[in-house]
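# Examining the three-dimensional arrangement
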Amino acid sequence: MNKQKNKKPLKELPLGFVDRTEKELLVRDFIISKIKEVMIRYGFQYLETPSFEYSESIGKFLPDKERPDAGVFSFKDDKKWLSLRYDLTAPLARYVAKNFLEIPKPFKRYQLGTVWRNEKPGPGRFREFLQFDADFVGTKSLQADAELCIMISEILESCGLSKSEYVIKISSRKITEELFKKINLNDSEQKLTTLRALDKIDRLGWDGVKQLLGSGRKDKSGDFTKGADLNSKTIEIIESELRKEKPLTEDLEYLLKIFKDYNFNNYETDPSIIRGLEYYTGIIFEVNLKFDVKNSRGQVIQFGSIGGGGRYDNLINNFGNYDAPATGISIGLDRLVYALMQKKEFKVKQTKPVVICIFDKGSMKEYINLQKVLRKNGVSVEIYPGDGKLKKQMEYANKINSPAVILFGDNEIKSGKPTLRNLRTGKETKIEIKKLADEIKKII
RNA sequence: GCAGCAGUAGCUCAGUUGGUUAGAGCACUAGUUUGUGGAACUAGGGGUCGGUGGUUCGAAUCCACCCUGCUGUACCA
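Note that the coordinates shown come from a computational prediction; the quantities given were computed from them, not determined experimentally.

## Points about the overall build of chain A
Scanning chain A from N- to C-terminus turns up 14 helices and 18 strands. In terms of overall dimensions, chain A is more spread out than a globule: its C-alpha atoms have a radius of gyration of 28 Å, far above the 22 Å expected for 444 residues. The principal-axis extents of the C-alpha atoms in chain A amount to approximately 95 × 75 × 50 Å. Across the 444 residues of chain A, 46% fall into the buried class.

What follows is the structure, encoded as C-alpha cells:
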C-alpha cells in the first residue's frame, strides 16, 4: 500500500529567492528616491524595458563565450524562446538598436529594474535582485565616463555616506592590453584567466593572485583552482608592471584631468581593477565601500564592490552596424541597501498608525467619524481591524509599534473628548477631537 | 560547479555506548484583570527530529543517496 500522505503546499521559497520586509524596502525606497533626484539633475532619461526579452535578443551576442545560454531563466513561447533579463545593459543595447533613428545621439538613460540569474546564490547574492544602471550611448567623450563616476559618488553621499566610507577605483583596459603585448601573451584563454586572476587582488592579495597566474591555488576549504600556467618570469613582469608607479595610459590621464576640473578627488587609480567582462574596451571603474559588512551572525564577510562599469564601444554593434560607442555603470541596489542598513546612523522612519480601540460595535459610526477627521489631517490611523477585548487591542497596538491608542468609549463620546494614550509613556489625556490631530503629531 | 561545516517546535538550541509517550528558553493562545500593552504567575496548543531508502526486535541517534542553509572558492552577461 502506498501511504497517501496529506501533502501540504510548500512554504519554502525557490532557491535564491527571498521575501523582503518593510524595513529593507523603506531603505531601498529612500535610496531610489535619491537616485532619481540625482539622475534628473544630471539630465538622464528614465526608461523601462520589459522583464522578458527574446532569448536571442539578449543572448546571441553574450560576451561570455564559455556558456552562451546558461544562467538565464527561459521558457518557450508558441514560437520562440523567451528569457528573463539577466542585466539592464543587454536590453539597453536592444532598445538602442530598435530605436536608433529616433533617439537623440548621444543618448543618456537610466533604469531601475529587477534582474534574474539562474545561478547558485552566494552570500548576499540572490537569483532575483534589483539593479540600477546609467549609460551614455553614442559618445566617445571621456567626459561621459567622468560624469558617471562623479554622479555615483553624489548618489552615495546623498544616501548619507561620507567620502571616507567609499572610493571609486579606476583603471583602463588599455593597461592590460599593453601588458599582454609586452609579455607576448596571445592565447585568448590564458588572457582571460589572467584577467580574472588579476581581478581578485583585493580579496586574495598578490600571493594568491600569483598562484592563480601560475599553476593554481588551494582555498581555505582545501578546494583547488587551476591557474593560467604562466611561467614565473612572466608572472614577475606582470607583478612589477602593475605594482609600480608608472605613467598612466592616455585615457586615464585625460579622465583625471576632467576629475580635476570637477574638483572630484574621491578616486584611486588602480591597475589591478580589471572587471571580469570581456566586452570592456577602455576606462573601467568599481565602487567600493570601505567599512566592514557583516552577515546575520555578526561575522564580517567578503562583500566586494557594490557596482561598477566602464566603456564598451563595440557591444551595441552586435545588433548591426550602429555607430554606438557607450559607457555605463551598474549598481547592485540590494547590496547597497544591505550595507547601508548596517550603519547605525542610517535609520528610515517607519510610520505606524494610531489605533482607535473598539468598545462597542454600536458606536462604530463615531469611530469612523473620528478616523476620518484624523486621516484628513494627515494622521496615520486605523480602527482596530479585528474583534476582541480591549486588552487584545492594546497588545496589538504595542506589537505593531503604534505610537498611541485612542479610547473612545461611552464616557468619551458623551463628553466629546477621546482619551489619547501615549504608548511609549503610558500617559493618558482627554482631548477635544479638533485638537487631537495636532496632539498626535507631537508624539509621533 | 568544487570544498568544508550544519539541519530537532515559529526562533535559539539541549538530547551517546541505538531503548517507553522527544525536551528547555523565547514567541504564540487562554486565564489571573468584563475600559488599558510592555512585568509576573497558571494552564494550553504546536514536532512524521530536512527527505527517501537501508541496517536492527527497536533509529533523532548507525549507513547510503538526495534536498536545504552557512562559509570559502569558481563563475557572474
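## Some words on the sheet that holds strand 16 (residues 404–407)
What the 5 strands build is an open sheet, ordered 15-14-16-17-18; its pairing is mixed. The sheet is open, and its two edges are formed by strand 15 (381–383) and strand 18 (428–430), each paired on a single side. Adjacent strand axes in the sheet meet at a mean angle of 25°, parallel and antiparallel pairs treated alike. Here strand 17 (residues 419–422) pairs with strand 18 via 3 bridges, running antiparallel. Paired with Thr419 across the two strands is Lys430, which belongs to strand 18. Of the strands in this sheet, strand 14 (354–356), strand 15 and strand 16 touch helix 11 (residues 364–376), which is tilted by about 170° from strand 15. In this fold helix 12 (residues 390–399) packs onto strand 14, strand 15, strand 16 and strand 17, with an angle of close to 155° to the strand it touches most, strand 16.

## A word on helix 6 (residues 188–198)
Of all the residues in helix 6, the buried ones are Leu192, Thr194, Leu195, Ala197 and Leu198. The secondary structure elements touched by the buried residues of helix 6 are helix 5 (173–182), helix 7 (201–213) and helix 8 (232–243). Between the side-chain oxygen at the start of helix 6 and the backbone nitrogen of Glu189 there is a gap of 3.2 Å, and the oxygen is on Asp187.

## Re the packing of aromatic side chains
The tally for this structure, following the rule as stated, stands at 12 aromatic pairs. Relative to Phe107, the ring of Tyr95 lies with its centre 6.0 Å away and its plane at 25°, an arrangement referred to as stacked. Of this pair, Tyr95 sits in helix 3 (residues 89–98) while Phe107 sits in strand 5 (residues 107–116); the two residues are 12 residues apart in sequence, bridging distant segments of the chain. On the numbers, 5.3 Å between centres and 75° between planes, the contact of Tyr384 with Tyr396 is edge-to-face. In this pair, Tyr384 is assigned in the loop between strand 15 and helix 12 and Tyr396 in helix 12, connecting sequence segments 12 residues apart. On the accessibility criterion, Tyr396 (25% relative accessible area) is partly exposed. Ring-pair connections join several aromatic residues into one group, and the members of that group are Phe259, Phe264 and Tyr267. Sitting over the face of the ring of Tyr54, Lys80 holds its NZ or CZ atom 4.9 Å from the ring centroid. The ring centre of Phe100 lies 4.6 Å from the NZ or CZ of Lys105, which sits over that ring.

Rules used in this analysis
- Once a new chain begins, its residue numbering starts again from 1 and follows that chain's sequence as written.
- Each chain takes a letter, starting from A, and each ligand takes a number, starting from 1, following the order in which they are written.
- For this predicted model, a pLDDT threshold of at least 70 governs which residues receive local features, and a threshold of 80 or more governs which side-chain atom pairs are given and counted, while totals over whole chains, interfaces and linings are taken from all residues.
- Side-chain measures were taken over the full set of non-hydrogen atoms in the model, leaving aside hydrogen atoms and water.
- Here a helix means four or more residues in a row that DSSP labels H or I, a strand means two or more in a row labelled E, and each is numbered from the N terminus.
- Restricting the calculation to C-alpha atoms gives the radius of gyration, and the globule rule supplies 2.2 Å times the number of residues raised to the power 0.38.
- Partly exposed residues are those whose accessible area sits between 20% and 50% of the maximum for their type, while under 20% is buried and over 50% is exposed, using a 1.4 Å probe and protein chains only.
- Whether two strands pair comes down to DSSP finding at least two bridges between them.
- Throughout, an axis means a line fitted to C-alpha atoms (over the contacting stretch in the case of helices), and angles, computed between N-to-C directions, take values from 0 to 180 degrees.
- Contacts: residue pairs with any heavy atoms within 4.5 Å of one another.
- For the purposes of these results, a polar contact is taken to be a pair of N or O atoms within 3.5 Å, where, inside protein, one atom must be able to donate a hydrogen and its partner to accept one; residues adjacent in sequence count only when each atom of the pair is a side-chain atom.
- Aromatic rings from Phe, Tyr and Trp, with only the six-membered ring used for Trp, were paired whenever their centres fell within 6.5 Å, and each pair was classed as stacked if the ring planes differed by under 30 degrees, edge-to-face if by over 60, and tilted otherwise.
- A ring is scored as having a charge over it whenever the NZ atom of a lysine or the CZ atom of an arginine sits within 6 Å of its centre and within 35 degrees of its normal.

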